[in-house]
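Structural characterization, general
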Amino acid sequence: SQRVIDFEKPRHSAASEGKRAEVRAALSNLVLKADAYVVALPEGQSLDFVARWQGKLREIMVRMRDDPDAAIHPLPFQQLRGEGGTYIADMMKSVVDSFGSRGGAVQRADTIEGVTALSPQVSFAEAKGRVARWAESLVDEPISFGSPMSPFEVGAADAARAAAAIGNLVSLGLGYVTQGADQALTSRLVALLDRDRATLPLAGVDEFLSDPRRRDRLKDVARVVRAARRKGQALSLS
């Protein structure tokens, strides 16, 4: 662990003052959110996290935030997440949840989550609850769609089913990608959270141009295209 600290300290010192200020601001935000989380927890819940945070962990985070000579390194963040049995238990809980709905309200996560799955069989209301939970707790973007033992596959043979699944994911505010081997007939559908996304309403010109910023951007693009034509250049989107 000391080697990690010795490695990170000069790297942080070599960063620009603006980047160091950004890191300190993120640390400050993390401390505030963790304090608020501990206060909001029902009595008796997440005792392991509370013990870690109110022990040395909060003190270390505050020192990294306030002391310019303190080394900022990843070890406290690993402790914040939980190690050993705590992390494995949280991962297994998420995997078990993915096998199907238990019919109850979605509970707030005990700690941050890195392994998650969404079953196609859950109701839309429960799925919305899970997305709201993951918006707070998920530290990785991918969300497995389907169970760990049976991921959701999409392919040309069942295009309607794939389109319905993708439509529901988008309605939940999620992005998506497909993963599969070259020349494979099907690909695995994976949902994504916390990724910048945008849509272009190709059949809604008036809606698209209702934003003045878009109209200005369109004028900029049109000027570039006209200038290229005057020079005898041809632009193509392919």
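Keep in mind it's a predicted model, so treat the numbers as computed, not measured.

About the cut-offs
- Residues numbered from 1 in each chain as written.
- Predicted model: local features only at pLDDT ≥ 70, side-chain atom pairs only at ≥ 80, totals over all residues.
- Heavy atoms only, no water.
- Phe/Tyr/Trp six-rings, centres within 6.5 Å; stacked < 30°, edge-to-face > 60°.
- Helix = DSSP H or I, 4+ residues; strand = E, 2+ residues; numbered from the N terminus.
- Buried < 20%, exposed > 50% of the residue type's maximum accessible area, 1.4 Å probe, protein only.
- Contact = heavy atoms within 4.5 Å.
- 1 Å grid on protein atoms, 1.4 Å probe; cavity = no way out; pocket = protein on both sides within 12 Å on 5 of 7 lines; lining within 4 Å.
- Points joined across faces, edges and corners; volume = space filled by probe spheres on them.
- Nonpolar A, V, L, I, M, F, W, Y, C, P; charged D, E, K, R; others polar.
- Salt bridge = Lys/Arg side-chain N within 4 Å of Asp/Glu carboxyl O.
- pLDDT = per-residue confidence, 0-100.
- Polar contact = N/O pair within 3.5 Å; in protein donor to acceptor, adjacent residues only side chain to side chain.

With that settled, the discussion passes to the packing of aromatic side chains. Here the structure, examined in full by the defined rule, presents 2 aromatic pairs. Aromatic pair Tyr37 and Phe49: ring centres 5.5 Å apart, planes at 80°, arrangement edge-to-face. Taken together, the residues Tyr37 in helix α2 (residues 17-40) and Phe49 in helix α3 (residues 47-66) connect sequence positions 12 residues apart. Accessibility classification places Tyr37 together with Phe49 in one group, the buried group. Ring centres of Phe145 and Phe152 lie 5.0 Å apart, and the angle between their planes is 55°; on these two criteria the pair is classed as tilted. Take Phe145: its relative accessible area is 7%, and that puts it in the buried class.

One can find Ser144 in strand β2 (residues 142-147). Residues Ser144 and Leu192, spaced 48 residues apart in sequence, show a C-alpha to C-alpha distance of 8.7 Å. When residues no more than four places from it in sequence are discounted, the contact partners of Ser144 are Thr116, Ala117, Leu118 and Arg188.

The space that makes up the second largest pocket amounts to roughly 190 Å³. Of all the secondary structure elements, the ones that give two or more residues to the lining of the second largest pocket are α6 (124-137) and α7 (159-171). Tallied by class, residues from the lining of the second largest pocket come to 11 nonpolar, 3 polar and 1 charged.

A complete count under the given rule lists 9 salt bridges for this structure. Between Asp66 and Arg65 there is a salt bridge whose closest N-O contact spans 2.7 Å. Taking relative accessible area as the criterion, Arg65 reaches 23% and is therefore assigned partly exposed. A salt bridge links Arg213 to Asp211, with the shortest nitrogen-to-oxygen separation between them at 2.9 Å. Note on Asp211: relative accessible area 18%, which makes it buried.

In this section: the confidence of the model for the protein chain. Overall, the prediction assigns the protein chain a mean pLDDT of 79, with 81% of residues at 70 or greater. At the low end of the mean pLDDT range in the protein chain sits helix α5 (residues 85-97), at 58; at the high end sits α7, at 90.

What follows covers the side chain of Arg20. Within the secondary structure, Arg20 is located in helix α2. At 2.9 Å, the side chain of Arg20 forms a polar contact with the side chain of Glu17. If we skip the residues at most four places from it in the chain, Arg20 touches His12, Ser13 and Ala15.

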